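Each chain, letter by letter, is given below.
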There are 2 protein chains.
Amino acid sequence: MRDLFKYIDAHAGDYIATLQRLCRQPSVAAQGVSMVETAAMVEGLLTGLGAKPCLVDTRGGYPIVYGELGGKVDKTLGFYNHYDVQPAEPLDEWESDPWAAEIRDGRIWARGVADNKGNLAARVAAVDAWQKVNGELPLNLKFIVEGEEEIGSPHIHNFAEDHPDLCQADAYIWEFGGKDIAGRPQIHLGLKGICYVELRAKGARMDWHSSVATSVPNPAWRLVWALATLKDEREHVLIPGFYDKVVSPGDADLEAVAKLPDTEAQDLANLGIDRFLQGLTGLELKKRNLFQPTCTISGFESGYTGKGAKTVLPGKAMAKLDMRLVPNQDPFEIYDLLRKHLDATGFDDIETELLSPGFPARTPLDAPIAQVVIDSYRQLSVKEPVVVPTSPGSGPWYQLCGQFGIDACTAGVGHAKSQAHAPNENIYVDDFITGIKQICLIMDGFSRA
Amino acid sequence: MRDLFKYIDAHAGDYIATLQRLCRQPSVAAQGVSMVETAAMVEGLLTGLGAKPCLVDTRGGYPIVYGELGGKVDKTLGFYNHYDVQPAEPLDEWESDPWAAEIRDGRIWARGVADNKGNLAARVAAVDAWQKVNGELPLNLKFIVEGEEEIGSPHIHNFAEDHPDLCQADAYIWEFGGKDIAGRPQIHLGLKGICYVELRAKGARMDWHSSVATSVPNPAWRLVWALATLKDEREHVLIPGFYDKVVSPGDADLEAVAKLPDTEAQDLANLGIDRFLQGLTGLELKKRNLFQPTCTISGFESGYTGKGAKTVLPGKAMAKLDMRLVPNQDPFEIYDLLRKHLDATGFDDIETELLSPGFPARTPLDAPIAQVVIDSYRQLSVKEPVVVPTSPGSGPWYQLCGQFGIDACTAGVGHAKSQAHAPNENIYVDDFITGIKQICLIMDGFSRA
């Protein structure tokens, strides 16, 4: 490993430049921005490794970039990543151009650098360095790089259905990962599911003078009233059946959660709030974060939202609802429950559209890949890693791994203030270089696991 | 009058050009756009009439353009107008540039052409024509042209307090007016009051990855829950005390309302809706429109509102609440009731700001100015005017007239599809020319009333 690490350090500038190139290429799936160009760029990176990649059709979505490489032992490690990123808005809150990938104060600042072009670039760099220094890879590799993770991976189940063979691996390294707020590396062994729904209400054919409000329906009120029936102020979701399939965490999970470090003060300071919802703290807070589903208004728009007073009656209203699901909730069932609830409560005028269904998924705490990742952190002499039984985030873990019984574990170059999904997304340059080395350790470790 | 009307017809092109010039000058008080320039332009128009106008300071708001002209008899008619207009947004719904004042299909299309630069220009044109043809005016005139009507006239009470002498008149012609959906001229003898409030909720210091929604407060939910406590689905306002001071309409009002023509089918078609709120129809609908207060969400914004799925927990949420008040509701009291209600129901975290308070006001149905305006329509041989006891709209009628016991009546060049406050605002060129003639008839009629 010493030669390998030396090579990585010597070529750090090249690897950083590749990451910057990737970040300077916008790729916003939600807005359809430059997706084809970015897929081609990723294909080019895999071609550079000798992977003979291809763009796999997903029946209606952006293609998945797929590439495989053979290695010394007949064991296969999959890398799941995505080439799409979140929208950069609100643009005026960025301190530098989200597509400039500026390096400032030891960090690279760009939309998508943490989530997850930094991880993709680190994995490509690790393979490149290994090949240059050691020649043959220690095990088989698969790169599965999708283009729709940030919009809820709506077509990856088509890919898994059409090409189950391409999905097969002995384990996956998941797309994200990094350090917690105290600088301790975290690994996650699961994801929540997601049911993301857009709700729309309509009134007059356009925004109208609000003097007609005595007699003309107001879609903003309709949506407010409908949303207010979905969750109460005690954070209890009121959709009948919502909690029916929720599985309580097992003993091993509870044991792992009890060991999680206390980061409340730092998290509160980072978030800029005084207390967590309902004053939650300690074990209850951790359990809630990992094992309870959510029902979140992610967006709401209606009428006049500019400066000052404009006296209009809105013609339409729109809300986005983001529900994170835990085992064994089913996003399609949850969507049906929501629709039935709206119809039953007199809100059949509210249109709903399921934008991105995703199942929850878990990997056992004692899976071999988890131990390999933990060991990789120990070998890097960074802080002792924190094992988080599952993540409060979401992704197609079930579609790609869970449904095939394949284990997966996170490993990545982010940190607690990476601001994924928010303005001023960033990673530390040092973490990126360390992340390249870590992937080398993981490939080596898993080949012998 | 024949010579006067002939002169107006002969100079119609000049008067239309002046109106276009006024409309091409944006003047959005809500956004602080070009207000000083527009005030100067209006001052120029009054100077052209020999009025020696001045800009009157309003202690913190845009100035009021004030001008007066002497006439044959010692009787004074006031013209209340405003030089500000609504914001032009949403811009992509306009068929021509809102600031181009394009003439198309016999109409002038521009933000503010109906509300109310068309009326202001018609009044200026009428005075000009009278002076050119007859010399001395038949009575004294006052022009009071404010710059903040569209943001709720927040400073006109300062003007009235500082300069009660300038407000004095025997009657006012109010700023708006026009035809109903069947082409019948309408006159209005009052206005609702208004209490326009912006509500703001805050959560984390910025939009965050929505995976933290288990434990981080969501300002969009806070605002939805708070709003849902303000009005129920039966349109009943739930703020304690809201209805306490509402005065029932008197017999004369009810008689006038009973005479109002049925325009329901046309109104529904124009609005693009199937039925009015709660299936209201007939007399109940008319009474509701004129004599009941409203509580309207005019705008709501939070989180991600673009295309597709962005999984964020909003850092802030904002709503605009437009409450139209009837006699004897007091906007300051209503604001206090709202604030107390929010505090009492656990929503003391919701910030509120009163943007534009306005009192309701009425003029008696038998006021002399009303008869003069009715007669002016009869002399113009247009359809028999419809007398509406009050308007569902708002404005500073109380501050300028009501508190001094001065009568006022509407008269203007709009029509039912003028789309005031909406995209594609317009008036008919013919109505503008007729409106100039009407003002001549009103000046003449009121001088002899």
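Residues numbered from 1 in each chain as written. Chains lettered and ligands numbered in written order. Predicted model: local features only at pLDDT ≥ 70, side-chain atom pairs only at ≥ 80, totals over all residues.

Points about the overall build of chain A
What chain A contains, in helices and strands, is 14 helices and 20 strands. Here the C-alpha radius of gyration of chain A, 23 Å, is about what a compact globule of 449 residues would show, namely 22 Å. Taken over the C-alpha atoms alone, chain A extends approximately 75 × 45 × 45 Å along its principal axes. Contacts in chain A between residues at least 24 apart in sequence constitute 81% of all its contacts with a sequence separation of at least 6. (Helix = DSSP H or I, 4+ residues; strand = E, 2+ residues; numbered from the N terminus. Rg over C-alpha atoms; globule rule 2.2 N^0.38 Å. Contact = placed C-beta atoms within 7 Å.)

A look at the relation of the copies chain A and chain B
Overlaying chain A on chain B yields an RMSD of 0.1 Å, the required transformation being a rotation through 180 degrees with an accompanying axial translation of 0.0 Å. Such values leave the two copies arranged in the relation of a two-fold axis. Relative to the rotation axis, the C-alpha of Glu301(A) is the closest in chain A, positioned 2.4 Å from it. In this assembly the copies share their binding face: 100% of the residues contributing to the interface of chain A also contribute to that of chain B. (Least-squares fit on C-alpha atoms with pLDDT ≥ 70 in both.)

Focus: the domain arrangement of chain A
All names here are of chain A. Here chain A is partitioned into domain 1 (2-189 + 363-447) and domain 2 (193-246 + 292-358). In this structure, domain 1 and domain 2 have C-alpha centres spaced 34 Å apart. Listed as interface residues are 8 residues of domain 1 and, on the opposing side, 7 residues of domain 2. Counted by class, the side of domain 1 that touches domain 2 contains 4 nonpolar, 4 polar and no charged residues. (Domains from an automatic or database assignment. Nonpolar A, V, L, I, M, F, W, Y, C, P; charged D, E, K, R; others polar.)

Observations regarding the sheet that holds strand β5 (residues 107-109) of chain A
As a general point, the strands of a sheet are linked pairwise by backbone hydrogen bonds and lie either parallel or antiparallel. Residues and elements named next belong to chain A. Judged by pairing direction, the sheet is antiparallel, and its 3 strands sit side by side in the order β4-β5-β20 without closing on themselves. Each edge of the open sheet carries a strand with a single partner, namely β4 (102-104) and β20 (426-428). Pairwise comparison of adjacent strand axes, ignoring direction, gives a mean angle of 25 degrees for this sheet. For β5 and β20, the ladder comprises 3 bridges, and the chain directions are antiparallel. Along β20, the bridge assignment pairs Arg107 with Tyr428. (Pairing = 2+ DSSP bridges. Axes fitted to C-alpha atoms, helices over the stretch in contact; angles between N-to-C directions.)

Some details on the interface of chain A and chain B
Tallying the contact residues gives 74 residues for chain A and 74 residues for chain B. Only β11 (208-209), α7 (219-228), α10 (282-291), β12 (296-303), β13 (312-313), β14 (316-325), β15 (351-358) and β18 (391-394) of chain A provide two or more residues apiece to the side of chain A that touches chain B. By residue number, the principal contributor to the side of chain A that touches chain B is β12(A), which donates 8 residues. When its residues are assigned to classes, the side of chain A that touches chain B shows 35 nonpolar, 26 polar and 13 charged. Two strands pair when backbone bridges link them, and β12(A) and strand β12 (residues 296-303) of chain B are joined in this way by 5 bridges, in the antiparallel orientation. The partner of Glu301(A) across the bridge, within β12(B), is Glu301(B).

As for helix α11 (residues 331-344) of chain B
For an α-helix, the turn length of 3.6 residues means that residues three or four places apart are oriented alike. Residue and element names in this part refer to chain B. Look at α11: 20 Å from first C-alpha to last across 14 residues, which is about the 20 Å you get at 1.5 Å a residue. Of the residues making up α11, those classed as buried are Pro331, Ile334, Leu338 and Leu342. Down the axis of α11, the smallest arc covering the buried residues is 75 degrees, so these residues share one side. Exposed residues on α11 whose side chains face more than 90 degrees from its buried face are Phe332 and Ala344. Buried-residue contacts for α11 involve β10 (190-202), α7 (219-228), β14 (316-325) and β15 (351-358). Downstream of α11 by a residue or two, Gly346 has a phi angle that is positive, lying close to 85 degrees. (Expected span 1.5 Å × (residues − 1). Buried ≥ 20, exposed ≤ 12 C-beta atoms within 10 Å, placed from the backbone. Arc of directions from axis to C-beta.)

Examining the sheet that holds strand β5 (residues 107-109) of chain B
Residue and element names in this part refer to chain B. A sheet is described by the order of its strands in space; here 3 strands give the open sequence β4-β5-β20, paired in antiparallel fashion. Unpaired on one side and paired on the other, β4 (102-104) and β20 (426-428) mark the two borders of the sheet. The sheet shows a mean angle of 25 degrees between the axes of neighbouring strands, taken without regard to direction. By the bridge criterion, 3 bridges tie β4 to β5 in an arrangement that is antiparallel. The residue of β5 that forms the bridge with Arg104 is Arg107.

Observations concerning the pairing of β18(A)
Residues and elements named next belong to chain A. Side chains of β18 alternate between two faces, with Ser391 and Gly393 and Pro392 and Ser394 buried alike. Sheet analysis places strand β10 (residues 190-202) next to β18, joined by 2 bridges and oriented parallel. Bridge pairing in β18 links Leu191 to Ser391.

What about unusual backbone geometry?
Residues and elements named next belong to chain A. The omega torsion across Glu89 and Pro90 is 0 degrees, close enough to zero to call that bond cis. Looking at the secondary structure, you find Pro90 in the loop between β3 (71-82) and β4. Although it is not a glycine, Asn424 adopts a positive phi angle of roughly 60 degrees. Relative to the elements of secondary structure, Asn424 occurs in the loop between β19 (407-410) and β20. According to the C-beta neighbour criterion, Asn424 is partly exposed, with 17 such atoms within 10 Å.

A word on helix α12 (residues 368-379) of chain A
Residues and elements named next belong to chain A. With 12 residues, α12 should reach 16 Å at 1.5 Å per residue; the first-to-last C-alpha distance of 17 Å fits that figure. Listed in full, the buried residues belonging to α12 are Ile369, Ala370, Val372, Val373, Ser376 and Tyr377. All buried residues of α12 lie within an arc of 165 degrees about the axis, which places them on one face of the element. Against β7 (171-174), β9 (185-188), β19 and α14 (429-447) lie the buried residues of α12. Backbone geometry just after α12 places Ser381 at a positive phi near 55 degrees.

Here we look at the packing of helix α1 (residues 2-10) of chain A against α14(A)
All names here are of chain A. Two elements in contact, α1 and α14, have axes separated by 10 Å at closest approach and are oriented at 150 degrees. Viewed along their axes, α1 and α14 adopt a mutual orientation that is roughly antiparallel. Two packed elements cross with a definite hand, and for α1 against α14 that hand is right-handed. Here Leu4, Phe5 and Ile8 of α1 come into contact with α14, specifically with Ile433, Ile436, Lys437 and Cys440. In terms of residue class, the contact of α1 with α14 is built from 6 nonpolar, no polar and 1 charged. (Parallel < 35°, antiparallel > 145°, perpendicular 65-115°, else oblique. Left-handed = near helix turned anticlockwise from the far one by under 90°.)

A look at the pairing of strand β7 (residues 171-174) of chain B
All names here are of chain B. A two-sided burial pattern is seen for β7, the buried positions comprising Ala171 and Ile173 on one face and Tyr172 and Trp174 on the other. Here strand β3 (residues 71-82) runs beside β7; their pairing, made up of 3 bridges, is parallel. Across the sheet, Phe79 pairs through a bridge with Ile173, a residue of β7.

Side note on the confidence of the model for chain A
Overall, the prediction assigns chain A a mean pLDDT of 96, with 100% of residues at 70 or greater. The ipTM assigned to the predicted complex is 0.87, against a pTM of 0.86. (pLDDT = per-residue confidence, 0-100.)

A look at the environment of Val386(A)
All names here are of chain A. Along the chain, Val386 turns up in strand β17 (residues 386-388). Sequence separation of Val386 and Lys202 is 184 residues, and the distance between their C-alpha atoms is 48 Å. Ignoring sequence-local partners within four residues, the contact set of Val386 consists of Asp180, Arg184, Gln186, Leu260 and Pro261.

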